[in-house]
Amino acid sequence: MSEQPAPADHARQQLEPAAADAVRAYAAKTRENADQLAAVLEDIATNGLPSVEDCTPWEELREAHLARLARRRGTHRLRWTRRCSCRQCALDH
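Since we're looking at a predicted model, the values are computed, not measured.

Novice: Is there a simple way to think about the overall build of the protein chain in this case?
Specialist: Across its full length, the protein chain carries 2 helices and 0 strands. Carbon together with sulfur atoms contributes 55% to the accessible area of the protein chain, which is approximately 8,700 Å² in total.

See below:
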């Protein structure tokens, strides 16, 4: 992104210090995630794609992520119509 200041004819609203800190933290996390993705892409460019045996199917990754989200929320209310993959409940979603 550009580090250029905004034109003088448009006044910018300053953030509260806590909000500015939150935006900076989000930017740092986004930058970290981008760096991780770039490292993976560079590895693929250098070494080629990993073998299928070394990969995890996307369905397993999705279900694991949904289970993490459900635990983080402290609830099992998901929008899926199958048995919960977290194996911590016997609810049909």
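Anyway, onward from the coordinates.
Novice: Is there a simple way to explain the side chain of Glu 63 in this structure?
Specialist: Examined against the element boundaries, Glu 63 turns out to sit in helix H2 (residues 58-73). Overall, the relative accessible area of 17% leaves Glu 63 in the buried class.

Novice: Hey, could you run me through the pattern of salt bridges in this one?
Specialist: Any two side chains of opposite charge can pair if their charged atoms end up close together. Across all of its chains, the model carries 3 salt bridges by this definition. In this structure, Asp 21 engages Arg 24 in a salt bridge whose closest nitrogen and oxygen atoms are separated by 3.3 Å. Here Asp 21 pairs with Arg 24, and both are found in helix H1 (residues 17-47), just 3 residues apart, close to one helical turn. Residue Glu 32 pairs with Lys 29 through a salt bridge whose shortest N-O separation is 3.9 Å. Of this pair, Glu 32 and Lys 29 are both found in helix H1, 3 residues apart, which corresponds to roughly one turn of the helix. On the basis of relative accessibility, which here comes to 38%, the residue Glu 32 falls in the partly exposed class.

Novice: Any chance you could explain H2 here in plain terms?
Specialist: Because each turn of an α-helix spans 3.6 residues, side chains separated by three or four positions in sequence point in the same direction. An ideal rise of 1.5 Å per residue puts 22 Å on 16 residues; H2 measures up with 22 Å between its terminal C-alpha atoms. For H2, the complete set of buried residues consists of Glu 63, Leu 66, Ala 67 and Ala 70. For H2, the angular spread of the buried residues around the axis is 100°, confining them to a single face. Of the residues in H2, the exposed ones pointing more than 90 degrees away from the buried face are Trp 58 and Arg 72. Positive backbone phi, at 75°, marks Gly 74, one or two positions downstream of H2.

The rules behind the values
Residues numbered from 1 in each chain as written. Predicted model: local features only at pLDDT ≥ 70, side-chain atom pairs only at ≥ 80, totals over all residues. Heavy atoms only, no water. Helix = DSSP H or I, 4+ residues; strand = E, 2+ residues; numbered from the N terminus. Areas by Shrake-Rupley, 256 points an atom, 1.4 Å probe, with all protein chains shown as cover. Buried < 20%, exposed > 50% of the residue type's maximum accessible area, 1.4 Å probe, protein only. Salt bridge = Lys/Arg side-chain N within 4 Å of Asp/Glu carboxyl O. Expected span 1.5 Å × (residues − 1). Arc of directions from axis to C-beta.

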